[in-house]
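Report on the structure
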Amino acid sequence: MKSQNVATEIKSLLKTRFVGRQLHYFPTLSTTMDTARELVKQGAEEGTVIIAGTQTAGKGRIGRSWLSPEGSLAMSVILKPPLKNLPHLVMIAALAVVGAIKQVSGLDAAIKWPNDVLINGKKVCGILIETEVAEGKVNYADIGIGINVNFNAGDLPEIADIATSLSHESYKEISVVQLAAALMDELERLYLAARDGIPVHREWQQRMETLGKRVKVDTGRTIEHGVAETVTENGNLVLRRDDGNLVEIGAGDVTVIKE
Ligand code: BTN
């Protein structure tokens, strides 16, 4: 399909006020995150969206790479939120993905803290947020969302054991155009609600499969063990260590310990 057609089709389905109204579609990009940053430099408006059919150098969290073969949805959304809403973006993005997946495929996805989206215990989506804050103001918060839509993750040795896709889980091809539009609708709805002061962490918490489980959390500086007890309003994980003390963790990689 021609780039112009994809962008026009997605826009024709959108119900948003501003997210996706400026939409840039590329059949292939190195990474939508770099294009987003370039567009911010050129003065892109809040809500500008960049979508790539495939990425040749997709970026994951903590310096990892992200595979975006044909059949992926790779999207970056440029937001300029008030500083107080910055911690909410992780939750908003994950909830928007869960909602869009349900709408378009009927599948129930779960969230693994902080922002992986899983189906049947396997990763179907990753979220990466890049921000620039100066003098107490958010210059940009680029939300990168990668969803495995119509390919078989089992064919890719790097992710075969840990990942899945929407087509694999639903036994049918999923419309990337419909998924992209639903995702933007959900994202804007949740973002505007958060800006109006409506807490997002409760719904996020309900969707989280990590809570109540014994986990190992690699924070990059320390390894914490304990039971994932709850989350705070800003999305931090509250862990009960074996000595009974509680510790609040802002970022890290969680592994659920099978008992
Ligand atoms: C992760 O789980 O490690 C985060 C993966 C984020 C992938 C998305 S795909 C769209 C955007 N562009 C990128 O290069 N990365 C994010």
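Quick note: structure is the one above.
Here's a quick rundown of the structure. This is a predicted model, so every value here is computed, not measured.

Remarks on the nonpolar core
Nonpolar side chains in soluble globular proteins generally cluster together in the buried interior. In terms of nonpolar packing, the biggest core is built from 68 residues, with I51, I101, I147, L166 and M184 touching the most fellow members. In terms of domain composition, this core takes at least three residues from each of domain 1 (3-206) and domain 2 (214-256). Judged by nonpolar contacts, the second largest core, of 10 residues, contains A36, I50, A74 and Y140.

Considerations on the sheet that holds strand β8 (residues 214-218)
Read across the open sheet, the five strands follow the order β11-β10-β9-β8-β12; overall the sheet is antiparallel. Every interior strand has two partners, whereas the edge strands, β11 (246-249) and β12 (253-256), have only one. Looking at each pair of strands side by side, their axes are set apart by 45° on average, direction ignored. Where strand β10 (residues 237-240) meets β11, four bridges bridge the pair, whose relative direction is antiparallel. Counterpart to V238 in the pairing with β11 is E248.

Examining the pattern of salt bridges
According to the stated counting rule, one finds 15 salt bridges in the structure shown. K59 is paired through a salt bridge with E130; the nearest N and O atoms lie 3.1 Å apart. Placement of the pair is K59 in the loop between β2 (49-55) and β3 (72-79) and E130 in strand β6 (residues 122-134), with a sequence separation of 71 residues. The class of E130 is buried, set by a relative accessible area of 16%. Across the pair R214 and D242 runs a salt bridge, and its minimum N-O distance is 2.8 Å. Pair noted here: R214 is in strand β8 and D242 is in the loop between β10 and β11, with a separation of 28 residues, a long-range link. One network of salt bridges, in which partners are shared, links D34, R37, K59 and E130.

Remarks on the side chain of D185
Turning to its location among the elements, D185 is positioned in helix α5 (residues 176-195). On the accessibility criterion, D185 (15% relative accessible area) is buried. Not counting residues within four places of it along the chain, the set of residues in contact with D185 comprises L13, L14, K15 and T16.

Here's the deal with the site of the ligand
The full set close to the ligand counts 19 residues, and T31, T32, K59, R61 and K123 are the nearest of them. A distance of 2.6 Å separates an oxygen atom of the ligand from a polar backbone atom of K59. Within the complex, the protein chains bury 98% of what would otherwise be the 410 Å² of accessible surface of the ligand. Elements represented by at least two residues in the shell around the ligand include exactly α2 (32-41), β3, β6 and β7 (137-148). The leading source of residues in the shell around the ligand is β6, at four residues. Classifying every residue of the shell around the ligand by side-chain character gives seven nonpolar, eight polar and four charged.

A few points about the environment of K216
Tracing the chain through its elements places K216 in strand β8. Taking the C-alpha atoms as reference points, K216 and V227, separated by 11 residues in sequence, lie 8.7 Å from one another. In this structure K216 touches I223, E224, H225, D253, V254, T255 and I257, once residues within four positions along its chain are discounted.

Cut-offs and rules
Residues numbered from 1 in each chain as written. Predicted model: local features only at pLDDT ≥ 70, side-chain atom pairs only at ≥ 80, totals over all residues. Heavy atoms only, no water. Core = buried A, V, L, I, M, F, W, Y, C linked by side-chain atoms within 4.5 Å. Buried < 20%, exposed > 50% of the residue type's maximum accessible area, 1.4 Å probe, protein only. Domains from an automatic or database assignment. Pairing = 2+ DSSP bridges. Helix = DSSP H or I, 4+ residues; strand = E, 2+ residues; numbered from the N terminus. Axes fitted to C-alpha atoms, helices over the stretch in contact; angles between N-to-C directions. Salt bridge = Lys/Arg side-chain N within 4 Å of Asp/Glu carboxyl O. Contact = heavy atoms within 4.5 Å. Near = heavy atom within 4 Å. Polar contact = N/O pair within 3.5 Å; in protein donor to acceptor, adjacent residues only side chain to side chain. Areas by Shrake-Rupley, 256 points an atom, 1.4 Å probe, with all protein chains shown as cover. Nonpolar A, V, L, I, M, F, W, Y, C, P; charged D, E, K, R; others polar.

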